[in-house]
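Here are the chains, one letter per residue:
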Amino acid sequence: MSDGLPPSNLFYQTRLRRPQLARGAGVYLWDSAGKRYLDGSSGAMVSNIGHSNPAVLAAMRRQMELSTFGYRLHFENEPAEKLATRIAGRMPEGLDRVFFVSGGSEAVESCLKLARQYAIARGQAQRWKVISRFPSYHGSTLGALGVTGMSLMSAPFAPMLRESPKIPAPTCYLDRDALTLEQRGLRYARMLREEILAQGPETVLAFIMEPVGGASTGALVAPDSYYAEIRAICDEFGILLICDEVMSGAGRTGRYLASEHWNLRPDIVALSKGFGAGYAPLGAMVADGRIAEAVIDNGGFIHGHTYAGNPLACAAGLAVLEEIDRLDLITAAEQQGQALKARLEATMERFPFIGDVRGKGLLLAFELVAERATMEPLPVGLNAHLRLVDIAYDAGLIIYSRRTRGGRIGDHFLVCPPLIVSDDQIDEIMEKLTASLESFAREAGL
Ligand code: PLP
């Protein structure tokens, strides 16, 4: 199994064949030649409140005049304290201990390490295996990559990785059996039970999943039955449930955490992207107080990064969360998400090669197929995931794509504009996307 990430070289001083970014405002970005792009994917599902939000910029300027850095072991800092309190106030009951980091991979690493130290604190040092899903994406550092289900990214590092056991992501929409969706949801959830038994329950530490999938699956949502069953299985075996809400958190799906859609209570949560919203590198792990206290009482959490919780990033994060509330952007994500999803679904009539439209709130995706009835992927040689993105880019619309090669999910495209997107801007997204799909269909002979 492998995934089709385009080979890329993200070293600087290497040309990526993209223009220079000049500035951004709201849902738009401009390049140095003056061309305007509608940021239909919020970068990589990051810029939830849009670009150059004046209140966030003002808060950052104020903080910059005071201090930009104070080492955690030397000083407390007010923005970090306030941000931690604000985040904890929005989490499910009991998830009240916040640990700051600077991005999503670091947040995932923190979750894995805290879970491990909790097992040790409970006298269960034999528990170390973290089960995850394929496909999935949890980050590119070695620990997070070990639980990531994208072989193209992980295969070269195999000798350096502790690859986690994986169960299939709940791709129920692809199954052609006599079961209902809810029955399929249960079937996928019970694969976790089988895997725990196969691994030996006494060795399993945690299960990590994205409640609404991100780039690896294209906004995959499981049937309702999946979520409660997963929680019940984790409880049955005393296994921690880690929800990776790096992409789905901070309101993007129309709830503060995506897991709230199913009243799913994680034991530990990873957050990033929308919390810094592109204004500062920021991430967090939020843990059940009992887990954090047990680790603290057993000698402390052996983890930390120099830049974590710096006052500037936290001031930005605090201002982002204030803007999300002031502009009621979580409600907007739900409402505008419904409107955009309905429009995407409507395009399925016109383009038979759109096999599926899915997602929650403004974490939305569509998948291209050779044949909708069978969900057979498009031929790899068409490179649809790259071509459609390029055509849309030329038309001034940014969308985000992946292809899971060898897996069951084909070319999929995330359409995830900032949560401030207006009705007119949804019209603009749809006009540009429809024209791009038409050009792609002509070019690919579909
Ligand atoms: N987890 C999920 C669900 C993600 O989508 C990502 C990034 O796309 C990460 C973790 C890693 O985050 P970062 O790129 O900030 O390290």
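Every value quoted in this text rests on a predicted model; they were computed, and no experiment measured them.

Conventions adopted
Numbering of residues starts from 1 in each chain and follows the order in which that chain's sequence is written. Totals for whole chains, interfaces and linings use every residue, but because this is a predicted model, local features are given only for residues with pLDDT of at least 70 and side-chain atom pairs only at 80 or more, for both listing and counting. Counting from the N terminus, the helices are the DSSP runs of H or I reaching at least four residues and the strands are the DSSP runs of E reaching at least two. Radius of gyration: C-alpha atoms only; globule rule: 2.2 Å multiplied by the number of residues to the exponent 0.38. Whether a residue is buried, exposed or partly exposed is read from the other C-beta atoms within 10 Å of its own C-beta, which are placed from the backbone; 20 or more gives buried, 12 or fewer gives exposed, and intermediate counts give partly exposed. One less than the residue count of a helix, multiplied by 1.5 Å, gives the span that helix is expected to have. Note that the arc is computed from the directions linking the helix axis to the C-beta atoms. Pairing between strands requires that DSSP locate at least two bridges from one strand to the other. Nonpolar core, as used here: buried Ala, Val, Leu, Ile, Met, Phe, Trp, Tyr and Cys residues forming one set through C-beta atoms within 7 Å. Either an automatic procedure or a domain database provided the assignment from which the domain bounds are taken. Note on definitions: a residue is near a molecule or strand provided its C-beta atom, placed from the backbone, lies within 6 Å of it. Amino acids are sorted into nonpolar (Ala, Val, Leu, Ile, Met, Phe, Trp, Tyr, Cys and Pro), charged (Asp, Glu, Lys and Arg) and polar (every other residue, Gly among them). The angle between two axes is taken between their N-to-C directions and runs from 0 to 180 degrees, where each axis is a line fitted to C-alpha atoms and a helix contributes only its stretch in contact. Each angle is binned into one of four classes, with values under 35 degrees roughly parallel, values over 145 roughly antiparallel, values of 65 to 115 roughly perpendicular, and all other values oblique. Crossings are assigned a handedness: left-handed for a near helix turned anticlockwise from the far helix by less than a right angle, right-handed for a clockwise turn. Think of it this way: build a C-beta for each residue from its backbone, and any pair within 7 Å is a contact.

## Quick notes on the overall build of the protein chain
Then, in step 1: Each helix and strand in the protein chain was counted, giving 13 helices and 16 strands.
Then, in step 2: Compactness check: the protein chain gives a C-alpha radius of gyration of 21 Å against a globular reference of 22 Å for 446 residues, within 12% of the reference.
Then, in step 3: With the C-alpha coordinates of the protein chain rotated into their principal frame, the extents come out at 65 × 60 × 40 Å.
Then, in step 4: Within the protein chain, buried positions represent 52% of all 446 residues.

## Side note on helix α7 (residues 181-199)
Residues spaced three or four apart along an α-helix face the same direction, because each turn holds 3.6 residues.
Then, in step 1: With 19 residues, α7 should cover 27 Å at 1.5 Å per step; its first-to-last C-alpha distance of 28 Å lies within 8% of that length.
Then, in step 2: Along α7, the residues that are buried comprise Arg184, Gly185, Tyr188, Ala189, Leu192 and Ile196. Burial along α7 is one-sided: seen end-on, the buried residues are contained in an arc of 150 degrees. Of the exposed residues in α7, those oriented more than 90 degrees away from the buried face are Glu194, Leu197 and Ala198.
Then, in step 3: Residue Gly200 follows α7 closely and has a positive phi angle near 100 degrees.

## Points about the sheet that holds strand β1 (residues 21-25)
To summarise the sheet geometry, strands pair through backbone hydrogen bonds and adopt either a parallel or an antiparallel arrangement.
Then, in step 1: Spatial ordering of the open sheet is given by β1-β2-β3-β14, a layout of four strands whose pairing is mixed. The open sheet is flanked by β1 and β14 (397-398), the only strands paired with a single partner.
Then, in step 2: Sheet topology note: the β1/strand β2 (residues 28-31) ladder contains four bridges and is antiparallel. The partner of Arg23 across the bridge, within β2, is Trp30.

## Some points on the nonpolar core
Then, in step 1: Counting residues in each nonpolar core, the largest one holds 131 residues, and the members touching the most others are Ala115, Ala284, Met285 and Ala316.
Then, in step 2: Considering each element in turn, this core owes the most residues, 10 residues, to helix α10 (residues 311-326).
Then, in step 3: Here this core spans two domains, and each of domain 1 (21-52 + 328-444) and domain 2 (55-326) adds at least three residues to it.

## Here's the deal with the site of the ligand
Then, in step 1: Contacts to the ligand come from 15 residues, most closely from Gly103, Gly104, Ser105, Gly139 and Val246.
Then, in step 2: Looking at which element gives the most residues to the shell around the ligand, the answer is helix α4 (residues 104-121), with three residues.
Then, in step 3: For the shell around the ligand, the class distribution of residues is six nonpolar, seven polar and two charged.

## Quick word on the environment of Met150
Then, in step 1: Within the secondary structure, Met150 is located in the loop between α5 (142-147) and α6 (151-154).
Then, in step 2: Residue classification places Met150 among the buried residues on the basis of 25 C-beta atoms within 10 Å.
Then, in step 3: Here the alpha-carbon distance between Met150 and Phe134, two residues 16 residues apart in the chain, equals 7.1 Å.

## Brief notes about unusual backbone geometry
Then, in step 1: The residue after Phe134, namely Pro135, is reached through a cis peptide bond having omega -5 degrees.
Then, in step 2: Counting through the fold element by element, Pro135 comes out in the loop between β5 (129-134) and α5.
Then, in step 3: Positive phi, normally seen in glycine, also occurs at Asn263, with a value near 50 degrees.
Then, in step 4: Mapped onto the fold, Asn263 is located in the loop between β8 (240-244) and β9 (268-271).

## Overview of the packing of helix α3 (residues 78-89) against α10
Angle between the axes and distance between the axes: these two values describe a pair of packed helices.
Then, in step 1: Closest axis-to-axis distance for the α3/α10 pair is 8 Å, and the angle between their directions is 40 degrees. Judged by the inter-axis angle, α3 sits oblique to α10. Judged by the twist between their axes, the crossing of α3 over α10 is left-handed. Across the interface between the two elements, Pro79, Ala80, Lys82, Leu83 and Arg86 of α3 pack against Pro311, Cys314, Ala315, Gly317, Leu318 and Leu321 of α10.
Then, in step 2: In the contact of α3 with α10, the residues fall into eight nonpolar, one polar and two charged.

## Brief notes about helix α8 (residues 224-237)
Then, in step 1: Regarding α8, the residues found buried are Ser225, Tyr226, Tyr227, Glu229, Ile230, Arg231, Ile233 and Cys234.
Then, in step 2: Tucked into the core, α8 has its buried residues touching α7, β7 (204-209) and β8.
Then, in step 3: Just downstream of α8 lies Gly238, where phi reads positive at about 65 degrees.

## Some thoughts on the packing of helix α11 (residues 329-350) against helix α13 (residues 423-444)
Then, in step 1: At a minimum axis distance of 11 Å, the contact between α11 and α13 shows a crossing angle of 25 degrees. If you check the angle between α11 and α13, you find them roughly parallel. For the element pair α11 and α13, the recorded crossing hand is right-handed. Between α11 and α13, the residues in contact are Gln336, Ala339, Leu340, Arg343 and Thr347 and Ile426, Met430, Thr434 and Leu437, respectively.

## Some remarks on the domain arrangement of the protein chain
One frequently used descriptor of interface size is the decrease in accessible area upon assembly of the parts.
Then, in step 1: Entries for the protein chain in the domain assignment read domain 1 (21-52 + 328-444) and domain 2 (55-326).
Then, in step 2: Using only C-alpha atoms to locate each centre, domain 1 and domain 2 end up separated by 25 Å.
Then, in step 3: On the side of domain 2, 32 residues touch domain 1, which itself brings 32 residues to the contact.
Then, in step 4: Every element with two or more residues in the side of domain 1 that touches domain 2 is listed here: α1 (42-45), α11, β11 (354-360), β12 (363-371), β15 (400-403) and β16 (411-415).

## Here's the deal with the pairing of β16
Side-chain direction in a regular strand flips from residue to residue, so the side chains alternate between the two faces of the sheet.
Then, in step 1: Of all five residues in β16, five are buried, a share of seventy percent or more.
Then, in step 2: On β16, burial covers both faces: Asp411, Phe413 and Val415 on one face and His412 and Leu414 on the other are all buried.
Then, in step 3: As defined by bridge partners, β12 adjoins β16 across five bridges and the pair is classed as antiparallel. Note that in β16 the partner of Phe366 across the bridge is Phe413.
Then, in step 4: Sheet analysis places β15 next to β16, joined by four bridges and oriented antiparallel. In the strand pairing of β16, Arg402 is matched with His412.

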